[in-house]
Structure formats: structure tokens, C-alpha cells
Amino acid sequence: MSRPSNPLIFLSAGEASGDHYGARLIAELKHHLPGATFTGLGGAEMAAEGQHQTVRAEDVAVMGITEILRHIPRIVASYRKLVRSIKRDKPAVAVLIDFPDVNFRLAKHLHAAGVPVIWFVSPQLWAWKRSRLRWVQQRVSKMMVIFPFEETFYRNRNVAAEFIGHPLAEAPLPTISREDYAAAYGLDPAKIWIALLPGSRWKEIRANLPALHELAVSDLITTHSSEITFDGDHLELPTNSAAHTRYEFLLPVASTIDRTRLEAFIADLDREALRYFNEPNSAPSGPWAPDPGPLHPRLTLVSDAREALFHARASVVASGTATIQAAVIGNPFVVVYRVSPLTFALAKKLVEYPEEFPNMADASGNQPIAMVNLIAQRRLVPELLQENFTAANVAQALAPLLADTPERFAQIAGLLEVRGLLVPSFHPGESPAASITRLASAVLEALCKSEPVESSSKVSDGPN
């Protein structure tokens, strides 16, 4: 059956990455369906591509318990508005992008209205909240997944799934030269550059940056902790001040982080660290404000994470999407992360990898959390979590990645393997297609089906 020429397509994306993918999908579909209309939930990029937004992403994308409680009336009103639009307009097909807490509920109403549901960027049901799998089985026509093991996971559980590749693996490498990059940020191209990526949320900055800042100012990378003395006021290092100038530390500022607030936070860390390098008794009268001259190496704020990863010798990366960025660029790195003890304890109890995964637990029984290690199905990159995430431990794990060592070469080879795994294989004679192109093909295929998904009243054994 031929597809309609002017279909109504519902899209829902509530986070920045989903908004970006949704905008790319709309642009791709407009080439095939110039008369299509796009509606639903999205951000600024999707609106710029022509989505007529029933609800804006910023109206529902809040984080933290207190924020959610404060905005509950607005969130509920926005959700009900989306549900009314689904029942009223009966879109021809729906594409849900990540954002599971909202999209699982929308999928229920879309399915009940007979709308085919395509889900892009799978929720991590293979790690936790496995009970939600039945909602996927009931409500989702097809899962379009970005990690290779997800296709096997879903197909083994009677869910139609297709691995279409990770969009980050398709992005071209940065083209700016080291010299031009150094000039843009006042860096010394002759020094060793290390990228620090503490996270893209403010709570991650607060939790992860202090230890990374200590790493930068203390020169622990080449100093054994047993050689350091600290009497409560003064830190004594076995190197002279000139030795502290060997490294440049690059700190990319995520678009979700207020730069002014970050600079103020770093200034507070600087003031605290200065007492390690200056005798308090030599401070001038009044508020103590010693000269920051001894603080070397420098911590430089930069604007683009991919460029920093591309030019850094090695990196320290908070667990999350940034680990995929580092992997596809091929930059050796150490994974770090810290959450509250209660959150970590609950996560250990809740996270349970499927039987398809090999046992990768460490001596303490902790399974890996870094997506790169899950893709490689082995501990390819070091992980330092919770109490193990200290500046000294990071320095110890990072040092072998900075020199031409077997550890460095082995990790680079492994990251190249991971990048290859993030790109789907193609049949002989088949032209390679980008992930968004493959996603668009699934949408077009759904539009061509002669019969819509059968409406069912028995899909409500979950939240409304």
C-alpha cells in the first residue's frame, strides 16, 4: 500500500540529545514527505525544523525531587494536553525518543488509539526496571536501538528491534589543528593536555569536579601519594614549582551548565587548594587571598568536548554519553562517578544485567557501569566509583595512558573495536546508511502498512 502524502507524525523528545535527533529526523522525513505535519513534544531544534509543538520540552524536563514537586501541576497539565492531542488528531505514526518516564505513558495512549509506535534510543531496561519490558511488548511496534547488544536483548524477548548504529559514531572528527586550538585558548602546544569531563548536570559537577580539580593542581600524576606530606595547612610535594607546568587540563563546559556559576565554583576550589601551596602565616592581614602563581598546571575552560577529547593525550570522563564521545574519537580515558551512598547502594541492588552479558564483576562484586565496557563486554577502560574515586587513584590509573605503554596501546585498539561495533553491518551491495536515515526508513515503512496497530483496552497495567 502506498504511503500517505501528507501524514501527521507525532514525535516526543524531552532532552537535549533527543531534541537534536528529532530535528535531524524531521529534516530527513521532509525530503520524502514534503506535505507531512509534525506535532508532539520537542525542544528548540525540533521547533526550528517545523514541529508544531503541543508541549515544549522545557515545560516537562525538570530534574530533582524538589523541582519535580514544585512543577507537578504544570507537568500533569502538559501531559494531559499531549494525551488529548493524540486522541483528537490520531497521528499516522509516532516516534518516541528516549525520555522513558513520559514516553512510556504516551505509548500507552498511542497504542490504544491504533497509532504505530517507533521508539528510538532504548531505555536501559537491560540494566534495570526490567518489569517495564512488558510495556514495550504491548505498546511499541519497533525498537530502533543504538547499541549492538540491545537488538539481541529485545529480539530474545519477542520485541521487534533493529540496531541502526549510534549517531555519535557517524560524526566526523574535529578538523581544528592543535596549533589553532592552542591559540584559541591560550594553551601551550608543547605540553601534555588532559581533558576533564565531570558531567553535564550541575549535581555531577558538584560531585565529580573537586577530585578532578585536586588532580590538576597537585601534580599527583607523577607523584606517589606516599611521598606527599600534609600537616593540615601545607601540602609538601617532592617536586619544584617548575615541575607543575608540564600539563594543561581542559574542562569542556556543557551547554547545560551555566559558565558563570562554574567559574565561581572553580574559584572556590582554587581558594581551597591555594592553602596547600602557600603558608597561611605569610598571608596579608584581612581575608586570606594568596597569590595563585604556584597553582600549576592550569585548568582551562573550553567550549567543545569533542575537540578537547580529540587533542588531549588522555582524559578523565564521568560515566555517561561522554564516554561514547571519547570512545569514537579514540582518546584513552578513565571513567569516574560519584553519587550519594544511598543512591549507589540502591543501584547495586536494582541493576541486574541480562543473561546475554558475561560476568564482569570486580573483586568487590561491582559490575561495570561505563557504556564502553558494556559494549566491549569486558573491562576495557578503568572505572573509579564512589570511595575509589580520589585524585590519587585517578592519577594512578591515568599515568599509564599518558606514556607510550602497553596499557595505552591496548586501550586505543579496544576503543577502535568499540567504534566499529557502534556501526551496523551492511548486506553485500547495500549502501551504508546513517542511523537517522534508517530511522526515517522505519517511519516510512510504518506509514505504508495497510492496517494500523490494533487498539487494545488491556494495556493499562502500568501508569496512565
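The shown structure was predicted, so the numbers you read here are calculated from the model rather than taken from an experiment.

The rules behind these values
- Residues numbered from 1 in each chain as written.
- Predicted model: local features only at pLDDT ≥ 70, side-chain atom pairs only at ≥ 80, totals over all residues.
- Heavy atoms only, no water.
- Phe/Tyr/Trp six-rings, centres within 6.5 Å; stacked < 30°, edge-to-face > 60°.
- Helix = DSSP H or I, 4+ residues; strand = E, 2+ residues; numbered from the N terminus.
- Buried < 20%, exposed > 50% of the residue type's maximum accessible area, 1.4 Å probe, protein only.
- Lys NZ or Arg CZ within 6 Å of the ring centre and 35° of its normal.
- Contact = heavy atoms within 4.5 Å.
- Salt bridge = Lys/Arg side-chain N within 4 Å of Asp/Glu carboxyl O.
- Pairing = 2+ DSSP bridges.
- Axes fitted to C-alpha atoms, helices over the stretch in contact; angles between N-to-C directions.

1. Quick word on the packing of aromatic side chains
Note on aromatic pairs: each is described by the distance of the centres and the angle between the planes.
In step 1: Applying the stated criterion across every chain, the model contains 14 aromatic pairs.
In step 2: With a centroid separation of 4.8 Å and 50° between ring planes, the pair formed by Phe-104 and Trp-119 is classed as tilted. Of this pair, Phe-104 sits in helix H4 (residues 100-112) while Trp-119 sits in strand S5 (residues 117-120), and the two are 15 residues apart along the sequence.
In step 3: Residue Trp-119 is classed as buried on the basis of its relative accessible area of 0%.
In step 4: Residues Tyr-181 and Trp-193 carry aromatic rings whose centres are separated by 5.8 Å and whose planes lie at 45° to one another, so their mutual orientation is tilted. A residue pair is termed long-range when its members are at least 10 positions apart, and Tyr-181 in helix H8 (residues 178-185) and Trp-193 in strand S8 (residues 192-197) qualify at twelve residues.
In step 5: An aromatic cluster is built from Trp-126, Phe-147, Phe-149, Tyr-353 and Phe-357, whose rings are joined through pairwise contacts.
In step 6: Geometry around Trp-128 places Lys-129 over its ring, the cationic atom sitting 4.9 Å from the centre.

2. A closer look at unusual backbone geometry
In step 1: Phi is positive for Asp-98, which is not a glycine, with a value near 55°.
In step 2: Among the structural elements, Asp-98 can be located in the loop between strand S4 (93-97) and H4.
In step 3: The phi torsion at Gln-377 lies on the positive side, around 60°, for a residue other than glycine.
In step 4: Mapped onto the elements of the fold, Gln-377 is located in the loop between helix H14 (371-376) and strand S15 (383-385).
In step 5: Look at Gln-377 and you get partly exposed, because its relative accessible area is 26%.

3. A word on the side chain of Ser-435
In step 1: Structurally, the position occupied by Ser-435 is in helix H17 (residues 435-448).
In step 2: Looking at Ser-435, the relative accessible area reads 0%, which means it is buried.
In step 3: In this structure, Ser-435 is in contact with Ile-164, Gly-165, His-166, Pro-167 and Glu-170, ignoring residues within four places of it in sequence.

4. A look at the pattern of salt bridges
In step 1: Per the stated rule, a full pass over the model turns up eleven salt bridges.
In step 2: Here Arg-157 and Glu-356 are joined by a salt bridge, their closest N and O atoms 2.8 Å apart. Of this pair, Arg-157 sits in the loop between helix H6 (148-155) and strand S7 (161-163) while Glu-356 sits in the loop between helix H13 (341-350) and H14, placing them 199 residues apart in sequence.
In step 3: Since its relative accessible area comes to 16%, Arg-157 is described here as buried.
In step 4: A salt bridge links Arg-313 to Asp-404, with the nearest nitrogen and oxygen atoms 2.8 Å apart. Of the two residues, Arg-313 sits in the loop between helix H11 (305-311) and strand S13 (314-318) while Asp-404 sits in the loop between helix H15 (391-402) and helix H16 (406-421), which places them 91 residues apart along the sequence.

5. Observations concerning the sheet that holds strand S3 (residues 52-56)
In step 1: Within the open sheet, the seven strands sit side by side as S3-S2-S1-S4-S5-S6-S7. Their pairing is parallel. Here the strands that pair on one side only, and so sit at the sheet edges, are S3 and S7. Averaged over all neighbouring strand pairs, the angle between strand axes comes to 15°, with direction disregarded.
In step 2: Two elements, strand S2 (residues 37-42) and S3, share four bridges in a ladder whose sense is parallel. Residue pairing for S3: Thr-39 is matched across the bridge by His-52.

These figures come from the coordinates and say nothing about function on their own.
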